[in-house]
Amino acid sequence: MSVIKKVVTLLRGSARELAENVVDANATRIYEQEIIDAKQSILEARSSLADVMAKEMQSGRAVTRLEGEMTRYEGLALEALEKSQEALAEEVAGKVAAIELELEEQRKAQTSFAAQVSKLKELIKASETKIREHEREIAIAKTTESVYKATQSISDNIGSSGSRLASARESLERIKQRHEHLADRMQAADQLDRELGEKALATKLAEAGIGQDADRQRKVMERIRARQAKPTGEA
């Protein structure tokens, strides 16, 4: 019998552990859904608050109406007394008493509605503040989870199957070295051409004032000065 109990206990423990793992794996999604549900509850509370506020306004209007009626009937009762209409004054006084009783009930209702409105407003405001806090917390949690996942991915890539990221960096370094080598070769070839090739000879001739282009600038200036000195109108 004790063995069966232990097996049952083991199964219960396994089920609890499995349930906890499922909840933990979907904690963010569950948290977000709870916030959505809370927002919906607040919307419903706002609707209920609007109903209570409407009843408070209705009670306020009833109080104003009854106060006006009581003032009017008290004036009528006084007028009846002034005209020696005692019975009529008594009847009007009964009407005033009934209005006064209804007025007291409406005032109590208005006070009760006003208290409920104030309490509901405070509860809704506190709930909205708490929801905003939860939304900030879940945003931070999601960002942190993304960072952890990215860090874990980098760690896995660096530590797995020949370090792929390290290999990629080595490839980039080799490409960079090839580019630098090609640039150096091009620079060296240009330098050799200037020192030993046709460019070198042309440069030396120009520096010595020898060759077809050596005094080209001087000849151009002589031609321009000749045109300047030619009298206006000559062909």
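Quick caveat: nothing in here was measured; it's all calculated off a predicted structure.

Novice: Account for the overall build of the chain, with residues named and values stated.
Specialist: Check the secondary structure of the chain and you find 6 helices and 0 strands. Here the chain has roughly 19,100 Å² of accessible surface; of this, 56% comes from carbon and sulfur atoms.

Novice: I'd like to hear about unusual backbone geometry, residue by residue, with values.
Specialist: In this model, S84 sits at a positive phi of 60°, which is unusual for a non-glycine residue. Within the element layout of this structure, S84 appears in the loop between α2 (27-82) and α3 (86-159). S84 gets classed as exposed once you look at its relative accessible area, which sits at 65%.

Novice: Describe a nonpolar patch on the surface, with residues and values.
Specialist: On the surface, a cluster of nonpolar side chains totalling about 230 Å² of accessible area is made up of V220, M221 and I224. Exposure remark for I224: the relative accessible area of 49% places this residue in the partly exposed category.

Novice: Let's hear about the pattern of salt bridges: which residues, and what values?
Specialist: All told, the structure shown has 7 salt bridges when counted by the stated rule. A salt bridge links K39 to E135, with the nearest nitrogen and oxygen atoms 2.5 Å apart. Of this pair, K39 sits in helix α2 while E135 sits in helix α3, and the two are 96 residues apart along the sequence. With relative accessibility at 38%, the residue K39 sits in the partly exposed group. Across the pair R65 and E69 runs a salt bridge whose closest N-O atoms are separated by 3.2 Å. Of the two residues, R65 and E69 both sit in helix α2, 4 residues apart, roughly one turn of that helix. Judged by relative accessible area, which is 43%, R65 ranks as partly exposed. Connected through shared salt-bridge partners, R65, E69 and E102 make up one network.

Novice: Quick rundown of a negative patch on the surface? Include the residues and the values.
Specialist: A grouping of E74, E100, E104 and E105 is seen on the molecular surface, where their side chains present a negatively charged patch. Broken down by element, the negative patch gets its largest block of residues, 3 residues, from α3. Tracing the sequence through the fold places E104 in helix α3.

Novice: Residues and numbers for the packing of aromatic side chains, please.
Specialist: Here the structure, examined in full by the defined rule, presents 0 aromatic pairs. The residue whose ring lies beneath R72 is Y73, and the NZ or CZ to ring-centre distance is 4.5 Å.

Novice: Any chance you could break down the side chain of S59 for me, citing the residues and the numbers?
Specialist: Note on placement: S59 falls in helix α2. In this view, S59 contacts Q106, A109, Q110 and F113; residues no more than four positions away in its chain are not counted.

Novice: Before we move on, can you summarise the confidence of the model for the chain with the specific residues and values?
Specialist: Here the chain shows a mean pLDDT of 77. Residues at 70 or above account for 69%. When pLDDT is averaged over each helix and strand of the chain, the minimum, 56, is found for helix α1 (residues 2-25) and the maximum, 88, for α2.

About the criteria used
All chains use their own residue numbering, which begins from 1 and follows the written sequence. It should be noted that, the model being predicted, local features are given only for residues of pLDDT at least 70 and side-chain atom pairs only at 80 or more, the latter also being counted only at that level, while totals for whole chains, interfaces and linings use all residues. Only hydrogens and water are set aside; all other atoms, that is, all heavy atoms of the structure, feed into the side-chain values. By definition, any uninterrupted DSSP run of H or I lasting at least four residues is a helix, any uninterrupted run of E lasting at least two residues is a strand, and each is numbered from the N terminus. To be clear on the numbers: accessible area is Shrake-Rupley with a 1.4 Å probe, and residue cover counts the displayed protein chains and nothing else. Relative accessibility under 20% of the residue-type maximum defines a buried residue, over 50% an exposed one, and the middle range a partly exposed one, all with a 1.4 Å probe and only protein chains included. Residues enter a patch when their relative accessible area is above 30% and they make no salt bridge; the linking distance is 9 Å between like charges and 5 Å between nonpolar side chains (Val, Leu, Ile, Met, Phe, Trp, Tyr). For salt bridges, the criterion is a side-chain nitrogen of Lys or Arg within 4 Å of an Asp or Glu carboxyl oxygen. Only four residue types enter the charge count: Lys and Arg as positive, Asp and Glu as negative, with His and the chain ends excluded. By convention, charge coordinates are those of NZ in Lys, CZ in Arg, CG in Asp, or CD in Glu. Here a pair means two rings of Phe, Tyr or Trp (six-membered ring of Trp) with centres within 6.5 Å. Their orientation is stacked below 30 degrees between planes, edge-to-face above 60, and tilted elsewhere. Each ring is checked for a lysine NZ or an arginine CZ that lies within 6 Å of its centre and within 35 degrees of its normal; such an atom marks a charge sitting over the ring. Residues count as neighbours in contact if any of their non-hydrogen atoms are within 4.5 Å of one another. pLDDT measures the predictor's confidence residue by residue and takes values from 0 up to 100.

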